[in-house]
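# Fold and contact review
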Amino acid sequence: MRRVSRGLSAFALALMAAGFVLALARGGAATPLALDLKTRPHRLMLFGIGALAVLPGVRVLVALSYYTAARRLAEALVALVVVLELLASMITGG
Amino acid sequence: MTLLLGLFLSGTAAGALGALLGLGGGIFLVPVLTLLFGLPVRVAVGTSLVCVIATSAGVAALSTEGTGADVPLALRLEIATAAGAVLGGVVGVLIPARVLSVVFAAVVFGSAGYTLSKARGPGEDEAMYRRDYRPQRWTLGYAVASLAGMVSGLLGVGGGFIKVPTMYAIMGVPLGVATATSNFMVGITAAASVFVYLGRGDVRPLVTVATAAGVFLGAALGTLLQARLRVAWLRWGLVVLMLAIGVQMLWKGF
């Protein structure tokens, strides 16, 4: 799970950093609250933020697959319930 | 540019405190982002949710063998937290906000007192990370975790300031494990809400990335520092924080 956290965090950070640097180079600091999905820097940053946002769910999925493979079924069931709760919250809006 | 630098530094402080005390940082960040930097509340909450996940991710990525979260414990308590969040959504409409603030303040003060009662005599040592423990008092642990969920839903925070003392003082989990486990849990709690804010456009890329970058750095510093701190110092840090939050809640209640 630590490898998953490191990998996905590094990926998310790289996207956010690339978008941030590009945004600053294009004078984005003047409008820090701007949100413009048509520009590449903002899309990169939002994609990185999205990758970060799914990380907790991915960690629970990793736990679920580990417990299932190890036949720790009670813990696998708990992990499955948390995944479903998370999905339900995301779909219904928190 | 000054704004972005200020956000980065605020994020660093929030990430460090969050990693040290098992919090997501939202309890600091939302007031700082709104009062100090003048961000609209919804943007501040959206930014804070991303940063709570960043704290959780940073702590997880940097934890070493034997210092990570107790994942089975986290998942079990997270079910209770989610149930509490749903209940909070119902209760929050029926009970006046002032009454809720006073009730939560009482819970926070009680948790602070119970955490202090764990203090041992001079000369006694306490390990931050042990693996030879068994969580106890599950019923009470579930009940308080549900309450943490209610608080999370109503205040827009991760509830780590209740989860850590619950695991440490009530359930007998070593403090280092409790903070790492709480960091795992608050990440899940924040992830449940953040997509709503993303969908509404309340997550503004530049301010969020600047703050989250600081949070990652702070979480790294906090994780490294925690290994060098004594349990007593962290316990006192947690108690002071809980007292400050309790006073703030009481103030809102009256």
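Report on the accompanying structure.

Moving on to the overall build of chain B. In terms of regular secondary structure, chain B is built from 10 helices and zero strands. For chain B, buried positions account for 58% of its 254 residues. Long-range pairs, those at least 24 residues apart, make up 85% of the contacts in chain B between residues at least 6 apart in sequence.

Once that is clear, we can look at the interface of chain A and chain B. Residue-level contacts link 37 residues of chain A with 40 residues of chain B. At the level of secondary structure, the elements contributing two or more residues to the side of chain A that touches chain B comprise helix H1 (2-25), helix H2 (40-69) and helix H3 (73-92) of chain A. Its residues assigned to classes, the side of chain A that touches chain B comprises 23 nonpolar, 10 polar and four charged.

What follows concerns the environment of alanine 30 of chain A. Structurally, the position occupied by alanine 30 of chain A is in the loop between H1 and H2. Put simply, alanine 30 of chain A and alanine 79 of chain A are 49 residues apart on the chain and 44 Å apart in space, counted from C-alpha to C-alpha.

So, about the nonpolar core. The biggest cluster of nonpolar side chains holds 109 residues, and the ones touching the most others in it are Val50 and Ile53 of chain B. Other than its neighbours up to four places away in sequence, valine 50 of chain B contacts Ile49, Leu52 and Ala53 of chain A together with Val194, Val203, Thr208 and Ala212 of chain B.

Below, the discussion takes up the packing of H2 of chain A against helix H8 (residues 175-199) of chain B. A packed helix pair is summarised by two numbers, namely the angle formed by the two axes and the spacing between the axes. Where H2 of chain A meets H8 of chain B, the axes come as close as 9 Å, and the angle between the chain directions of the two elements is 140 degrees. Taken as a pair, H2 of chain A and H8 of chain B cross one another with a handedness that is left-handed. Here H2 of chain A contributes Gly50, Ala53, Pro56, Gly57 and Val60 of chain A to the contact with H8 of chain B, which in turn contributes Gly187, Ile188, Ala191, Val194, Phe195 and Leu198 of chain B. Here the contact of H2 of chain A with H8 of chain B is built from residues that sort into eight nonpolar, three polar and no charged.

Each value, and the rule that gives it
- Residues numbered from 1 in each chain as written.
- Chains lettered and ligands numbered in written order.
- Predicted model: local features only at pLDDT ≥ 70, side-chain atom pairs only at ≥ 80, totals over all residues.
- Helix = DSSP H or I, 4+ residues; strand = E, 2+ residues; numbered from the N terminus.
- Buried ≥ 20, exposed ≤ 12 C-beta atoms within 10 Å, placed from the backbone.
- Contact = placed C-beta atoms within 7 Å.
- Nonpolar A, V, L, I, M, F, W, Y, C, P; charged D, E, K, R; others polar.
- Core = buried A, V, L, I, M, F, W, Y, C linked by C-beta atoms within 7 Å.
- Axes fitted to C-alpha atoms, helices over the stretch in contact; angles between N-to-C directions.
- Left-handed = near helix turned anticlockwise from the far one by under 90°.

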